[in-house]
Amino acid sequence: MILDRYDEKTYTLPVWQGDTVYNEGVLFYNGRRRARLLFPIDEIISVRSFDLQTEYKEGEDFFVEDGELVLSDKTSIPVWEIDPLTKTPNCHVFPAREEGLFLYDTCGIKMREMTVCVTYKHSKTFSDGYSGKGVPSLREKIPQIFEKLERGEQLNIMLNGDSNYTSWGCSGGYAEERFFDRTDTGSFYTVGLNVPPYSPPWFDMFISVLRKMYPKAEINVDNISMGGVDARWASEHLSARLKLAKHRPDIIFVGYGVNDLCGGATPETYKKHNIEIAEKIRSDENGNPDTVCVFVSPHICNTDAKCYPTEVFLEYEKMLEEICGELENCVPIRLTSFSYDIAKCKKPLDRLENNINHMMDFSGRMFAQIFIESMR
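Residues numbered from 1 in each chain as written. Predicted model: local features only at pLDDT ≥ 70, side-chain atom pairs only at ≥ 80, totals over all residues. Heavy atoms only, no water.

Asker: Got a minute to help me understand the pairing of strand S15 (residues 251-255) in this structure?
Answerer: In the case of a regular strand, side chains alternate between the two sheet surfaces. When you tally the buried positions in S15, you get five out of five residues, the bulk of the element. Of the strand pairs in this sheet, strand S11 (residues 154-161) and S15 are connected by five bridges, and their pairing is parallel. Bridged to Asn160 within S15 is Val254. Pairing of S15 with strand S16 (residues 292-296), which is carried by four bridges, proceeds in the parallel orientation. Counted as the bridge partner of Ile251 is Val292 from S16. (Buried < 20%, exposed > 50% of the residue type's maximum accessible area, 1.4 Å probe, protein only. Helix = DSSP H or I, 4+ residues; strand = E, 2+ residues; numbered from the N terminus. Pairing = 2+ DSSP bridges.)

Right, here's the structure in full:
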């Protein structure tokens, strides 16, 4: 069991399988000295700092009570002296649902210093928490893709999403330029933290495991994602960005919604723009008429944010399901429902690198696990 550094096998084990969760992130702050994890704790194996180099001691730094992690009075585990909801706007202004309050936007500044990673055993779920359910495989819905993989043929994968598809928030984000910028000219921009424990972006974990699952196949990847944009922007710029890609996609994973919702897009408008993406990628001279479109619904952001009402995220997910019922070779991955289930137990600061909308390491790992299991 490797717990003091990134390990692909450990990090990509689905949290909904087995009896052990590895390095689950949790953050203690002003007024919070006990925390519920995904599952009730039966046995603590390890509690470590975010970089995994400092290990804390049970009985000295923490104890377990009613399945939850509780800090001792003399703990050396960091407690952030902030309130997640504040009356003073800071960094970026994100109004809370509660009038007169704002979300504390951490901008990723201290998350790495304050978060701890918990490895523990469990045997049950909280009655009002995460159900322990995962996601189904897409094998029966898009058999042609799996046939290519199993025959050892070339499979061209394309990723087309927002900032959560460009490594924002993960510790192993890139220090070098990697993603096409907004100019659509082939210029790049730099994304990422690149700090210990160097957990790779979810899509790198996904592709690495996929190649091991289907070692005979030649798997190529083009990532034409762009942070800060919505499905409308993606539709309008799709042709230009397809020209920048090296391969015509056999399968594309489309992931928008966070910026759509922040920008006020109605579910109907959101549906319209996603349909445009599917139609354009199949008709464009640099696309592929047989492209399989996998529509990934957006993950749940900070549920206290005024601009991110959970009920609209769930409506977005329904719109994607409608698209998949109306268009051929379109299938959904219901990330909204999965992350909504997770959010029952995980506080925003436990799963969001900026307390607003960017996934941190543990959330990114679950994202990778979902994609891996969907392709198994």
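Structure shown, so let's carry the discussion forward.
Asker: What's the story with the nonpolar core in this structure? I'm lost.
Answerer: As a rule of thumb, soluble globular proteins bury nonpolar side chains together. Among the nonpolar cores identified, the biggest contains 119 residues, and Trp202, Phe253 and Tyr308 are the most heavily contacted of them. Every residue in contact with Trp202, bar those within four places of it in the chain, is listed here: Leu159, Asn164, Tyr165, Met359, Gly364, Phe367, Ala368 and Phe371. (Core = buried A, V, L, I, M, F, W, Y, C linked by side-chain atoms within 4.5 Å. Contact = heavy atoms within 4.5 Å.)

Asker: So what exactly am I meant to see when it comes to the side chain of Thr115 here?
Answerer: Relative to the helices and strands, Thr115 is located in the loop between helix H2 (111-114) and strand S10 (116-121). Residue Thr115 is classed as buried on the basis of its relative accessible area, which comes to 2%. Aside from chain neighbours lying at most four places away, what touches Thr115 is Gly25, Val26, Leu27, Ser49, Phe50 and Met360.

Asker: Sorry if this is basic, but what is going on with helix H7 (residues 267-283) here?
Answerer: Residue pairs three or four apart in sequence face the same way in an α-helix, which turns once every 3.6 residues. Compared with an ideal rise of 1.5 Å per residue, which puts 17 residues at 24 Å, H7 spans 25 Å between its outermost C-alpha atoms and is within 8% of the ideal. When H7 is considered as a whole, its buried residues turn out to be Pro267, Tyr270, Lys271, His273, Asn274, Ile275, Glu276, Ile277, Ala278 and Ile281. (Expected span 1.5 Å × (residues − 1).)

Asker: Even after reading the chapter, I still don't get the sheet that holds strand S4 (residues 43-49), so can you show me in this structure?
Answerer: Either a parallel or an antiparallel arrangement is found when strands of a sheet pair, and the pairing is made through backbone hydrogen bonds. Sheet architecture is open: three strands sit in the order S1-S10-S4, paired in antiparallel fashion. Two strands close off the open sheet at either side, each with one partner strand: strand S1 (20-26) and S4. For this sheet the average axis-to-axis angle between neighbouring strands, irrespective of direction, equals 20°. Judged from the six bridges that link them, S4 and S10 form a sheet pairing that is antiparallel. The residue bridging Glu43 from the neighbouring strand is Lys121, located in S10. (Axes fitted to C-alpha atoms, helices over the stretch in contact; angles between N-to-C directions.)

Asker: Even after reading the chapter, I still don't get the environment of Phe180, so can you show me in this structure?
Answerer: By the secondary structure assignment, Phe180 is in strand S12 (residues 177-180). Relative accessible area serves as the criterion here: at 12%, Phe180 is assigned to the buried category. Through-space distance from the C-alpha of Phe180 to that of Thr166 is 10.0 Å; in sequence the pair is 14 residues apart. Phe180 has contacts with Gly186, Ser187, Phe188, Tyr189, Asn223, Ile224, Ser225, Met226, Arg241 and Leu244, leaving out every residue within four places of it along the chain.

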